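Below are the chains, spelled out letter by letter.
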Amino acid sequence: MNTRIQILKYVIADWLTAGITWILFFSFRKIYLENSATGLETIDFNERFFFGLFVIPLGWLFFYAITGTYYNIYRKSRLKEMGQTLLQTTIGVIIVFFVLLLDDQLADYKNYYVSVAVLFGVHFVTTFSFRFVLSSQTAYKIHNRILGFNTLLLGSNEKAYELFKELEAQKNSSGFKFTGYLHINGKDGHIMKPYLPHLGHVNNLNQILEENNIEEVIIAAESSEHGKLGRVLNALKDRNVNVNIIPDVYDILSGSVKMTSIFGAPLIQINHEIMPAWQKSVKRILDISVSVMAILLLLPIYLISAILVAFSSRGSIFYSHERIGIHGKPFTMYKFRSMYSDAEKDGPQLSSKQDPRITPFGRFMRKTRIDETPQFFNVIKGDMSLVGPRPERQYFIDQIVERAPHYSHLQRIKPGITSWGQVKYGYAENVDEMIDRMKYDILYLENMSLFVDFKILIYTVLIVLQGRGK
């Protein structure tokens, strides 16, 4: 599957329909709403027309992108596509009306309602028509097994065999293109051997997912195999794959799920989406814009802090070291140095309230969070977000995971400059406190939204202004 080409088709279709809509709407407005009063029938394609023809399609494409239109491009149902297009058209038309059309002089105020109705109708019909054709082509290819998603079957006994037979016997394919199967317990699944390649044991799940470019996982476990599924589900939460499970093991799941009937084989689909696509896009836009503004506003504080750090003790002004980010990828995080240069000569250590390694000015920076402000550059680079779990070093992550394996869930999102755990606890002084702080970060993960981000940012600002940082 060439995802980029499919996305390009949607982009071209959306660009064309936005342009066609503007031409038709402009013509209708000139002939029936403006020229009818003067008796003229000509259309004056003026500068405003060409400005709109250039800007409006680009605006629509940007709006579609941030609202998730081009995400999971091959997994669009036509009904969902219609609902999404209807909502996008409603919001977009309102924006176009207030930005470009409200100042127009019309003979009757009722003509404004006519304008909005015509713009809405033309835009929705043309946009959805093109999208319907594209999604119908995709559905045809999936149903006829021309297009499919690499699928891994977890399970090797009777249930796995029955499910495999049912899916393969469907007249209209569900899109599962089986790559192989894994066994969960000690048996290697002799039942499945004649039908699918045996790729190994679930202990090697991550490696097998990468090597085979797996996009779908179906869990078909026997009752005796349920004990190991918690660890399997934890591993799958960190992967960009769709997870499906047969209904009679529903009771082993926790979290958000939705039922989906795939022709003759009903499956439960585990929903790993943390935030809607549009909220993710807005969150990233806010991250960049707020970080840029913060850097510009803090330039004097950066300069003063750099001078005071240099005079407070010997060593570099900035402290940069490796932290672990989203999906376990390491990155270099920046801070103003708040400790003496040989603070970790005996290895990684967590700080405490009366830590003698902290310089006098470093103690002030920690209370006001000034030492963290260089991380706005990490946010712009994309390593971090404004709000998210605080990034840790691998040394401490290994200790946390031994006692709290679910810590790995936090690596599903970008770490942040501030977090709910940071607001609650500040700097952790030991692994126990890191685990206590993690509880609030897990709570944030499960309730992640722009509203929660704003709430955490407000609390952080209050802590900085009051100097209550720990």
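Residues numbered from 1 in each chain as written. Predicted model: local features only at pLDDT ≥ 70, side-chain atom pairs only at ≥ 80, totals over all residues. Heavy atoms only, no water.

Some words on the overall build of the chain
For the chain, the helix and strand inventory stands at 15 helices and 11 strands. When the 470 residues of the chain are sorted by exposure, 46% land in the buried category. Sequence separation of 24 or more characterises 72% of the internal contacts of the chain that already satisfy a separation of 6 or more. Here the chain displays about 24300 Å² of accessible surface, and carbon together with sulfur accounts for 62% of that area. (Helix = DSSP H or I, 4+ residues; strand = E, 2+ residues; numbered from the N terminus. Buried < 20%, exposed > 50% of the residue type's maximum accessible area, 1.4 Å probe, protein only. Contact = heavy atoms within 4.5 Å. Areas by Shrake-Rupley, 256 points an atom, 1.4 Å probe, with all protein chains shown as cover.)

Quick word on the packing of aromatic side chains
Throughout the structure, instances matching the rule amount to 21 aromatic pairs. An angle of 50 degrees between the planes, with centres 5.8 Å apart, marks the rings of phenylalanine 128 and phenylalanine 132 as tilted. Residue phenylalanine 128 and its partner phenylalanine 132 are located together in helix 4 (residues 110-143), separated by 4 residues, close to a single helical turn. Overall, phenylalanine 128 belongs to the buried group, its relative accessible area being 14%. Grouped by ring-pair contacts, the aromatic residues Trp22, Phe25, Phe26, Phe49 and Phe50 constitute a single cluster. The ring of phenylalanine 149 carries the charged tip of arginine 75 above its face, separated from the ring centre by 4.0 Å. The ring of tyrosine 64 has arginine 131 lying over it, and the distance from NZ or CZ to the ring centre is 4.4 Å. (Phe/Tyr/Trp six-rings, centres within 6.5 Å; stacked < 30°, edge-to-face > 60°. Lys NZ or Arg CZ within 6 Å of the ring centre and 35° of its normal.)

Thoughts on the environment of glutamate 81
Examined against the element boundaries, glutamate 81 turns out to sit in helix 3 (residues 78-101). Among the residues examined, glutamate 81 registers a relative accessible area of 1% and is labelled buried. With 12 residues separating them along the chain, glutamate 81 and threonine 69 place their C-alpha atoms 8.8 Å apart. Ignoring anything within four residues of it in the chain, the contact list for glutamate 81 reads Tyr10, Lys76, Phe128, Arg131 and Ser135.

Overview of helix 2 (residues 47-66)
Its 20 residues place the ends of helix 2 29 Å apart at the C-alpha level, agreeing with the 28 Å of an ideal helix rising 1.5 Å per residue. Considered for burial, the residues of helix 2 that qualify are Phe49, Gly52, Ile56, Pro57, Trp60, Leu61, Phe63, Tyr64 and Ile66. Phi turns positive, to about 85 degrees, at glycine 68, one or two residues after helix 2. (Expected span 1.5 Å × (residues − 1).)

Brief notes about the pattern of salt bridges
Taken as a whole, this structure holds 11 salt bridges when the rule is applied. Between arginine 403 and aspartate 432 there is a salt bridge, and its shortest N-O distance comes to 2.4 Å. Taken together, the residues span a long stretch of sequence, with arginine 403 in helix 12 (residues 394-403) and aspartate 432 in helix 14 (residues 431-446) at a distance of 29 residues. Given the relative accessible area of 41%, aspartate 432 is considered partly exposed. Taking the shortest distance from any N to any O, the salt bridge between aspartate 436 and lysine 439 comes out at 3.5 Å. Of this pair, aspartate 436 and lysine 439 both sit in helix 14, separated by 3 residues, roughly a single helical turn. Overall, aspartate 436 belongs to the partly exposed group, its relative accessible area being 26%. Take lysine 439: its relative accessible area is 51%, and that puts it in the exposed class. Here the salt bridges share partners, and the residues they tie into one network are Lys335, Asp371, Glu372 and Arg390. (Salt bridge = Lys/Arg side-chain N within 4 Å of Asp/Glu carboxyl O.)

Some points on the pairing of strand 2 (residues 176-183)
For strand 2, the buried fraction is high: 6 of the 8 residues fall into the buried class. Across 6 bridges, strand 1 (residues 149-154) lies against strand 2 in parallel orientation. Paired with leucine 153 across the two strands is tyrosine 181, which belongs to strand 2. As judged from the 3 bridges shared by strand 2 and strand 3 (residues 198-201), these two strands associate in the parallel manner. By the bridge assignment for strand 3, leucine 182 is matched with glycine 200. (Pairing = 2+ DSSP bridges.)

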